[in-house]
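# Tertiary structure, described
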Amino acid sequence: MEDSALEPLFVFIAYSVSTIQRSFNALPGSAVIVRYVKSSHQNDPFRTILEAILVIFAIRTLLQSRTRSDTTGRHFIKFTANEIDELVDEWSPEPLVPSLNEAELADLASVPVTVGPPGPKPKLQSTGKTAINLASYNFAGLSGNDKVKDRAVSVLRNYGLGSCGPPGFYGTNDIHLDLERDIANFLGTEAAIIYSQGFSTISSVIPAFSKRGDIVIADRGASRSLRSTVRWYDHNDLNSLEEVMQSVAKEIKTKRWRLTRRFIVTEGIFENDGAMSDLPKLVELGRKYKYRLILDESFSFGTVGRTGRGLTELYNVPANQIDLIVGSLANTLAGCGGFCAGSRIAVNHQRINGTSFVFSAAMPGMLAMAASEGIQILTSTPSILSNLHTNIFTLRSILDKIDCITIPSHPASAIIHIQLRDPIEPAGNGLPTTARAVSRRPSNPTSLVPRDLVVFDIGAEEKLLQEVVDEALAQGILITRARRLRGQEALEPRPSIKIAASAAVSKKDTEKAASILKGILTKVLGKK
Amino acid sequence: MPSPTSSGGINLRPINILPPGNNTLTFTSSAAARRRGRSGSIVAVQEVGGGQEEFLDQSAFPNLNAGWVNGKGAWVIHPFLIFVGKVLVDSIPGMQQNLSWTIVNLGYMLISYFMFHYVTGVPFGSDSHGGAYDDLTLWEQIDEGAQYTPAKKWLVCTPIALFLISTHYTHYDPWAFAINFTALLFVLLAKLPQLHRQRLRFMPSARSHH
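Residues numbered from 1 in each chain as written. Chains lettered and ligands numbered in written order. Predicted model: local features only at pLDDT ≥ 70, side-chain atom pairs only at ≥ 80, totals over all residues. Heavy atoms only, no water.

- An unreviewed UniProt entry annotates chain B as Orm1 type endoplasmic reticulum protein originating from Hydnum rufescens UP504.
- According to UniProt, the comment filed for chain B under the heading Subcellular location (unreviewed entry) is "Membrane". (UniProt positions renumbered as here; feature names shortened; annotations may be inferred.)

- In the nomenclature of an unreviewed UniProt entry, chain A corresponds to serine C-palmitoyltransferase from the organism Hydnum rufescens UP504.
- Of chain A, the UniProt comment under Sequence similarities (unreviewed entry) reads exactly: "Belongs to the class-II pyridoxal-phosphate-dependent aminotransferase family."
- Per UniProt, the comment on chain A under Cofactor (unreviewed entry) is "pyridoxal 5'-phosphate".

See below:
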């Protein structure tokens, strides 16, 4: 029985084999191939099979179609028509401006409105009375200065308003060149370059010099995202910086990295808490381990030092020992934009490689003249800065005595951050509440987050601080919380009240404001 | 005066600010290796050069280093150079055909392996790509990483054809066959699409830097 079942199969196989043989013999040149294979076989079937596999592999490779390349096709997701329809049906448009939640509405309502030009004693719209302004950045009292205004108006009449182009493309005129020269002379560096937007200055300067493969060691209090290898050291802790540099040196040696550029990025006075870097030690560490120093002097330029030249004047360090000094003309000089000062080569490199310099419009001529005039006023009347320092000293001497707050700012810093002394722990979070524990092991340099994280409830602390601010406004003092965009950083700065001392406010007014503030703080925070 | 605390009070949000790709890969694998000690495997396969930033930088300018394989005469040069090499090797007095073909075959495999699969990066113009090709061999740079392109097909078929011709003319001597076949295997393995941007690391202790 099996024979008869399998017989048609055998017949079929024999028939197909003979058909293949006949058709193969009919091909031209098939006899040559058969003869060649027979003669090359030479009783070595293994080798023949290997060669046959090679030939089949080559033919298969030739017949394959081309795949997508890395750069274009990699992230392309293929949807079926059904999936596309589903996604289209599911989609509902979101409003362009989402409605505010309760906290955001309260935030918006807490912003006071002033009437008239800004100054040290503006008139409040809500009460109609004047208030002492300790919230605006008016450190040298240049805001609303008449001389600056006159010069700016004359430039406006002569040059018009806008620069009509990027600085490298017909946007530069003699006012910009004068300002660059003034800044360089003021700081004592070889040259300076100005950027038209203060916030984008540092994010143009760093990528102009630090490329893929370079090493940047940045302070945890100043976080930026870079393409280079970034290591972090603890906020304002130079011992931690030295440890990180040594670990990087060890890594370079063991893993045989190529010799690349190395940078330290830190701020002169940190915006988040007003702490000040120890400049001589930074310079010394940079020399020892061969790192270039990028110092962001956004808040120390124009406020620190006898004539406002910044950290270099305060610590008596020659400015050419710092490779790049980056600063802001908008914070302290009542102009706009920022600058980067350094050696002539470094500054000229940025004229092509600083992205904001190449692609953004140049700053308007009258604002550049305002900044120039501001520098002129600072150098000619050193009494302005001594007034500012007196005011800072007055504020600190009264505020430091308050028990329930902590002030992380440096005594010479013009921005004074007031934080709650005891952090409010987040409710129901289960996180450890050791607020004062300091880890003895160093934090991991590759991670932005330090080893010992103090957690606190941002919402509760901000609400408490806002009570203080509202009470102060009712009593005629204009202060503000440090406003931040939450949810954008991995390391959130602590909520604080930011007081900006000003030389335009008289010493008497500053004392009055400080004592009123002391009363309010003890009242609101003491009963917490 | 109150002194600032060293850990100044920071709240952690679950937001991943590190871009996906190289950074997290470096962090997790080197941290893992540090925790485990030296990795136990003898051979490990690791991927290189796949970050989003690398792709962005690569597509900024055409790659002059890899463009020439599609140019005029870049294909003909292979059999031409093989022919010239064979003539030169044959001109050595006392050279036998066996040895000559083996030398030509091995020489071609060695030089093409070194040129296409060992040397990485772009030897000129570091400003135009910013080091985006530093981890990629010439083979991986050709046609921006697409597989089975005409240039790649030619470069796969040439060693195979050279090998078959050389075994034919050495009269199928088994030792010559074995040596030539091993060399061919190395070259073909390196050209496989499955090994695109993969590296074989021997005795990996921690991931090397770039």
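After that view of the structure, there is still more to cover.
## Observations regarding the overall build of chain A
- Tallying secondary structure elements over chain A gives 20 helices and 16 strands in all.
- Over its C-alpha atoms chain A spans a radius of gyration of 35 Å, topping by over 25% the 24 Å that the globule rule assigns to 528 residues.
- Projected onto its principal axes, the C-alpha positions of chain A cover 120 × 55 × 50 Å.
- Buried residues in chain A amount to 46% of all 528 residues.
- Summed over its atoms, the accessible surface of chain A is roughly 27900 Å², and 57% of this surface lies on carbon and sulfur atoms. (Helix = DSSP H or I, 4+ residues; strand = E, 2+ residues; numbered from the N terminus. Rg over C-alpha atoms; globule rule 2.2 N^0.38 Å. Buried < 20%, exposed > 50% of the residue type's maximum accessible area, 1.4 Å probe, protein only. Areas by Shrake-Rupley, 256 points an atom, 1.4 Å probe, with all protein chains shown as cover.)

## Description of the side chain of His196 of chain B
- By the secondary structure assignment, His196 of chain B is in the loop between helix 9 (174-190) and strand 3 (198-202).
- Apart from the residues lying within four places of it in its own chain, the contact partners of His196 of chain B are Asp70 of chain A together with Glu140, Gly145 and Gln147 of chain B. (Contact = heavy atoms within 4.5 Å.)

## Let's talk about the sheet that holds strand 8 (residues 292-296) of chain A
All names here are of chain A.
- Ordered by their spatial adjacency, 7 strands build an open sheet running 4-10-9-8-7-5-6, and the pairing between neighbours is mixed. The sheet is open, and its two edges are formed by strand 4 (191-195) and strand 6 (229-233), each paired on a single side. Across the sheet, the mean angle from the axis of one strand to that of its neighbour is 20°, orientation sign disregarded.
- Bridging between strand 8 and strand 9 (residues 324-328) involves 3 bridges; their strand directions are parallel. Looking at the pairing, Ile294 lines up with Leu324 of strand 9.
- Taken strand by strand, helix 11 (residues 238-255) contacts strand 5 (215-219), strand 6 and strand 7 (262-267), and its axis lies near 145° from that of strand 6. (Pairing = 2+ DSSP bridges. Axes fitted to C-alpha atoms, helices over the stretch in contact; angles between N-to-C directions.)

## A few points about the nonpolar core
- Counting residues in hydrophobic clusters, the biggest one holds 92 residues, and the most contacted among them are Leu329 and Ile499 of chain A.
- Residue-level mapping places this core at the junction of two domains, with at least three residues from each of domain 1 (102-142 + 384-526) and domain 2 (146-380) of chain A.
- The contact partners of Ile499 of chain A, leaving out residues within four places of it in the chain, are Leu134, Leu395, Leu399, Ala414, Ile415, Ile416, Ile418, Ile479 and Leu517 of chain A.
- Counting 27 residues, the second largest nonpolar core, distinct from the first, contains Ala66, Phe116, Ala183 and Leu188 of chain B. (Core = buried A, V, L, I, M, F, W, Y, C linked by side-chain atoms within 4.5 Å. Domains from an automatic or database assignment.)

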